[in-house]
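Architecture at a glance
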Amino acid sequence: MAEKQKIALSDKKMVMRAIKDSFIKLKPKTQAGNPVMLLVYLSAIMTTGLWLISLIFGIGDAPTGYTCAIAVILWFTVLFANFAEAIAEGRGKAQADSLRKAKKDVDAHKIPSPDQKDRITVIPSTSLKKGDLVLVKAGEQIPGDGEVVDGAASVDESAITGESAPVIRESGGDRSAVTGGTTVLSDWIVVRITSEAGETFMDKMIAMVEGANRKKTPNEIALQIFLVALSIVFIMVTMSLYTYSIFSAKQAGIANPTSITTLVALLVCLAPTTIGALLSAIGIAGMSRLNQANVLAMSGRAIEAAGDVDILMLDKTGTITLGNRRADAFIPVDGASEKELADAAQLSSLADETPEGRSVVVLAKEKFGIRERSLSDKNMEFVPFTAVTRMSGVNFAGTEIRKGAADAIKDYVVKGGGIYSPECDHIVKEISSKGGTPLVVAKNHIVLGVIYLKDIIKDGVQEKFADLRKMGIKTIMITGDNPLTAAAIAAEAGVDDFLAEATPEGKLQMIRDFQKKGHLVAMTGDGTNDAPALAQADVAVAMNSGTQAAKEAGNMVDLDSSPTKLIDIVRIGKQLLMTRGSLTTFSIANDVSKYFAIIPALFMGLYPGLARLNIMGLYSPQSAVLSAIIYNALVIIALIPLALKGVKYREVSAGKLLSRNLLVYGLGGIVTPFIFIKLIDILLVTFHIV
């Protein structure tokens, strides 16, 4: 799923499948799902009936060939709309096919309890129930979604995420959730099944990506109601035109030049068929773009909400910062030299395998050329960090070196008879005020200085937040740091606000406060403690590596477990809304333009004065209608690539976006019909079709 999808229209196999589906979608039940295109569908049936009556019985108010042409073009209009939807669905179906290949029924090794691993009952994975315990060993596929309750193993999740690198899954903590269909590569785990057969994460993925569970979103329904209302208005206009033409023809003492076939074609031209045909494709394509980003949306409403979000709550670690603090400087105190401090700091970090510890070793080597030594060089004894002591270090040859939190080192030094100087205290506070983490280093109960650990802000985040601000989106950094540290990092990163010393209750309350003020809030989370806030947020992105509780609370799951993905999700959501808005603007402008292009040519036989308004000089009423209805069908095909790809995402305010849409798609929608209807009219006359 992580692989980039081919452009749908360049994939021959996908196009052929879409053509086949276009005919399958001609079923009345399918057509009834799109009221605007149902109008075209019924019009096609009606004109086909008029043509057959004319052909068989010779009864008709228009030439047989003309009626046949209108019927054929209307059927093509319906097929083009079906093709737009089918080609959009094609991407999802291709993804679903690959997922089905990865999903297979396997034997499950059911056990009574984690302590009775030798009492195995082999049953089909489809027979597993929620709460069952299964033992999965290296080389075996995990039979269903669940939580690891015992053991730890390396798991291949490439069938879900597309990433080849294995991940660790173990009991307890936030990395205990496993997905059915993934494979254990090493060791073993005992899994408690958390979903019934047919309701696994893989099943949901297949249903979502192929559109089986896609429901229309509230905005989509609202737009469709508006389009239906427009269609009803145009039905009334068309009926009025027909009755008025009958009256006018009688008054003039001539035969009515306006046929039922012509007015049916006129109705289809005036109805908002362009956006009606593409509306479903736009929504499906938006879902597909999200799937390509390795994000599974549980509903189309979540994507739409992402487009309307104006508050982004972002975790500091991994989203704004790189996630690992690095040693940035050695600051000596009380007369100690920087090199002496660096030497002691490196010794105390030799056995520290954390990223912070390794960065201390590297910084000492880079600044002073102090080579990395081994604990065995001087028979060193490493003192590991604990939550109680809050410091680590090394003992050798009667020498003690300790590195840790300022207050922990202060207690250690004072108890040993040393002095914790005001100079050291001042430097510790200064580093904290800058958003850094101070680690104090002492040797034999004498403070040598402070290591400045710095949060590294990711490249480009300031620009990203500035772009979001232009769009009216407020960014809030969520961190467990103290307010002083949080304020410094927030200022450097360029976020609008921050929540320091964040707790689950604090995040939940902040979301509720924003929602009470009418804001839409998006956030990410991976732990069980994030579940309440995720359940409350309008757009809640759970990490695939997180707990089952987090994934159930969210309305999206990021298969890559990337905290920065939230920004991409908002962009995809906004692009979806921008595409829908742009094409709706174009479609309505099209309808207005076609009205003024066709009506004068259509009725100038009754009212010769209208010839002055026939500014395009269309050859005849029949050529005008044929040109318009051919254009009406072809414009659907022409806009399919834009509906699938989406309009270009622009980080501008809603006002500027509206102005640009009106200029590009509004003006374009008015001008385009005049140009192409005239060109088609010329071709029809040139080839003596009319």
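Residues numbered from 1 in each chain as written. Predicted model: local features only at pLDDT ≥ 70, side-chain atom pairs only at ≥ 80, totals over all residues. Heavy atoms only, no water.

In the annotation of an unreviewed UniProt entry, the entry for the protein reads Potassium-transporting ATPase ATP-binding subunit, and the organism field reads Clostridium porci. Recorded under Catalytic activity (unreviewed entry), the UniProt text for the protein is reproduced unchanged: "K(+)(out) + ATP + H2O = K(+)(in) + ADP + phosphate + H(+)". Here the protein is described in UniProt, under the heading Subunit (unreviewed entry), as follows: "The system is composed of three essential subunits: KdpA, KdpB and KdpC." (UniProt positions renumbered as here; feature names shortened; annotations may be inferred.)

1. What about the packing of helix α9 (residues 273–292) against helix α21 (residues 621–645)?
Between α9 and α21, whose axes approach to 9 Å, the crossing angle comes to 20°. Relative to α21, the element α9 lies roughly parallel. In this structure, α9 meets α21 at a crossing whose hand is right-handed. Residues T273, T274, A277, L278, I282, A285 and R289 of α9 form the contact with α21, whose participating residues are N632, V635, I636, L639, I640, A643, L644 and K645. Split into classes, the residues belonging to the contact of α9 with α21 amount to ten nonpolar, three polar and two charged. (Axes fitted to C-alpha atoms, helices over the stretch in contact; angles between N-to-C directions. Helix = DSSP H or I, 4+ residues; strand = E, 2+ residues; numbered from the N terminus. Parallel < 35°, antiparallel > 145°, perpendicular 65-115°, else oblique. Left-handed = near helix turned anticlockwise from the far one by under 90°. Contact = heavy atoms within 4.5 Å. Nonpolar A, V, L, I, M, F, W, Y, C, P; charged D, E, K, R; others polar.)

2. Quick look at the sheet that holds strand β11 (residues 381–383)
With antiparallel pairing, the six strands of this open sheet are ordered in space as β10-β15-β14-β13-β12-β11. With partners counted over all chains shown, the strands left at the sheet margins are β10 (326–332) and β11, one partner each. Looking at each pair of strands side by side, their axes are set apart by 20° on average, direction ignored. Here three bridges tie β11 to strand β12 (residues 391–396), and the two strands are oriented antiparallel to one another. Each residue of the ladder has a partner; that of E381, found in β12, is N395. (Pairing = 2+ DSSP bridges.)

3. Comments concerning the UniProt feature "binding site: ATP" (unreviewed entry) in the protein
According to UniProt, the "binding site: ATP" (unreviewed entry) feature falls on D352, E356, F385, T386, A387, V388, T389, R390, M391, S392 and K403. Checked against the element boundaries, D352 lands in the loop between α11 (338–349) and α12 (355–368). Accessibility expressed as a relative area gives 14% for D352, which makes it buried. Setting aside residues no more than four positions away along its own chain, D352 makes contact with G357, R358, F382 and K403. Within the secondary structure, E356 sits in helix α12. In this view, E356 contacts N324, R325 and L453; residues no more than four positions away in its chain are not counted. (Buried < 20%, exposed > 50% of the residue type's maximum accessible area, 1.4 Å probe, protein only.)

4. Focus on the pairing of strand β19 (residues 539–543)
Among the five residues that make up β19, five are buried, leaving the element largely enclosed by the rest of the structure. In β19, alternate side chains face the same way, and those of V539, V541 and M543 on one face and A540 and A542 on the other are all buried. Note that β19 and strand β20 (residues 556–558) share three bridges and pair parallel. Bridged to A542 within β20 is V557. Handedness of the β19-helix α19 (residues 548–553)-β20 crossover: right-handed. (Right-handed = clockwise from strand over helix to strand, strands pointing away.)

5. Section: the sheet that holds strand β8 (residues 295–297)
One open sheet accounts for seven strands, arranged β8-β20-β19-β18-β9-β16-β17; its pairing is mixed. Both edges of this open sheet fall to β8 and β17 (497–499), since each of them pairs with a single strand only. Neighbour-to-neighbour, the strand axes of the sheet open up by a mean angle of 20°, direction not taken into account.

6. Some words on the packing of α9 against helix α20 (residues 565–603)
Remark: α9 packs on α20, axes separated minimally by 10 Å, with the N-to-C direction vectors making an angle of 170°. Overall, the two elements α9 and α20 adopt an arrangement that is roughly antiparallel. Within the contact between the two elements, α9 uses T274, I275, L278, L279, I282, G283, G286, R289 and L290 and α20 uses I569, I572, Q575, L576, T579, R580, L583, T584 and S587. Taken together, the residues of the contact of α9 with α20 break down into nine nonpolar, seven polar and two charged.

7. Observations concerning the nonpolar core
Counting 112 residues, the largest nonpolar core has L278, L312, F465 and M556 as its most contacted members. Broken down by element, this core gets its largest block of residues, 15 residues, from α20. Discounting chain neighbours no more than four positions away, the residues touching F465 are L314, I320, T475, A493, G494, V495 and I567. Listed in part, the 22 residues of the second largest apolar core include A336, V360, A364 and I370. (Core = buried A, V, L, I, M, F, W, Y, C linked by side-chain atoms within 4.5 Å.)

8. Structural notes on α12
The terminal C-alpha atoms of α12 lie 20 Å apart, and with 14 residues this matches the ideal 20 Å at 1.5 Å per residue to within 8%. Residues of α12 that are buried: G357, S359, V360, V361, L363 and A364. Check the buried side of α12 and you find it contacts β10, α11, β13 (399–404) and β15 (446–454). After α12 finishes, the residue G369 shows a positive phi value of roughly 65°. (Expected span 1.5 Å × (residues − 1).)

9. Describing the domain arrangement of the protein
One frequent convention defines the size of an interface as the accessible area lost when the parts assemble. As far as domains go, the protein holds domain 1 (12–94 + 210–292 + 571–687), domain 2 (107–142 + 145–194), domain 3 (299–315 + 461–559) and domain 4 (322–456). Between the C-alpha centres of domain 1 and domain 3 there is a distance of 42 Å. Between domain 1 and domain 3, the residue contacts involve 18 residues of the former and 15 residues of the latter. Of the roughly 1400 Å² buried where domain 1 meets domain 3, counting both sides, 65% is carbon and sulfur surface. Of all residues in domain 1, K574, L577 and E651 bury the most surface against domain 3, accounting for 35% of the area lost on that side. Counting across the domain 1 and domain 3 interface gives two residue pairs in polar contact (both at pLDDT 80 or more). For the side of domain 1 that touches domain 3, the secondary structure elements donating two or more residues are α7 (218–252), α9 and α20. (Domains from an automatic or database assignment. Buried area = accessible area lost by both parts, 1.4 Å probe. Polar contact = N/O pair within 3.5 Å; in protein donor to acceptor, adjacent residues only side chain to side chain.)

10. Digging into the environment of V237
Inspection of the secondary structure assignment puts V237 in helix α7. Classification of V237 as partly exposed rests on a relative accessible area of 25%. For the pair V237 and L448, spaced 211 residues apart in sequence, the C-alpha separation works out to 89 Å.

11. Here's the deal with α21
With 25 residues, α21 extends 37 Å between its outermost C-alpha atoms, agreeing within 8% with the 36 Å of an ideal straight helix rising 1.5 Å per residue. The largest bend in α21 amounts to roughly 40° and is located at L639, with the proline P641 lying one to four residues further along. Count one or two residues on from α21 and you reach G646, which has phi positive near 90°. (Bend = angle between axes of the 7 residues up to and from the residue.)

12. Some words on the UniProt feature "binding site: Mg(2+)" (unreviewed entry) in the protein
Mapped onto this numbering, the UniProt entry gives "binding site: Mg(2+)" (unreviewed entry) at D526 and D530. Within the secondary structure, D526 sits in the loop between β18 (521–525) and α18 (531–536). Note on D526: relative accessible area 32%, which makes it partly exposed. Topologically, D530 is positioned in the loop between β18 and α18. Once residues lying within four places of it in the same chain are set aside, the contact partners of D530 are K507 and G525. Side chain to side chain, D530 and K507 meet in a polar contact 2.6 Å long.

13. Some words on the packing of aromatic side chains
Enumeration according to the criterion identifies six aromatic pairs in this entry. Geometrically, the ring pair formed by F76 and F80 is tilted, given 5.8 Å between the ring centres and 45° between the ring planes. Of this pair, F76 and F80 both sit in helix α4 (residues 64–102), four residues apart, which is roughly one turn of the helix. Overall, the relative accessible area of 42% leaves F76 in the partly exposed class. On the accessibility criterion, F80 (18% relative accessible area) is buried. Members of the aromatic cluster, joined through ring pairs, are Y244, F247 and Y607. (Phe/Tyr/Trp six-rings, centres within 6.5 Å; stacked < 30°, edge-to-face > 60°.)

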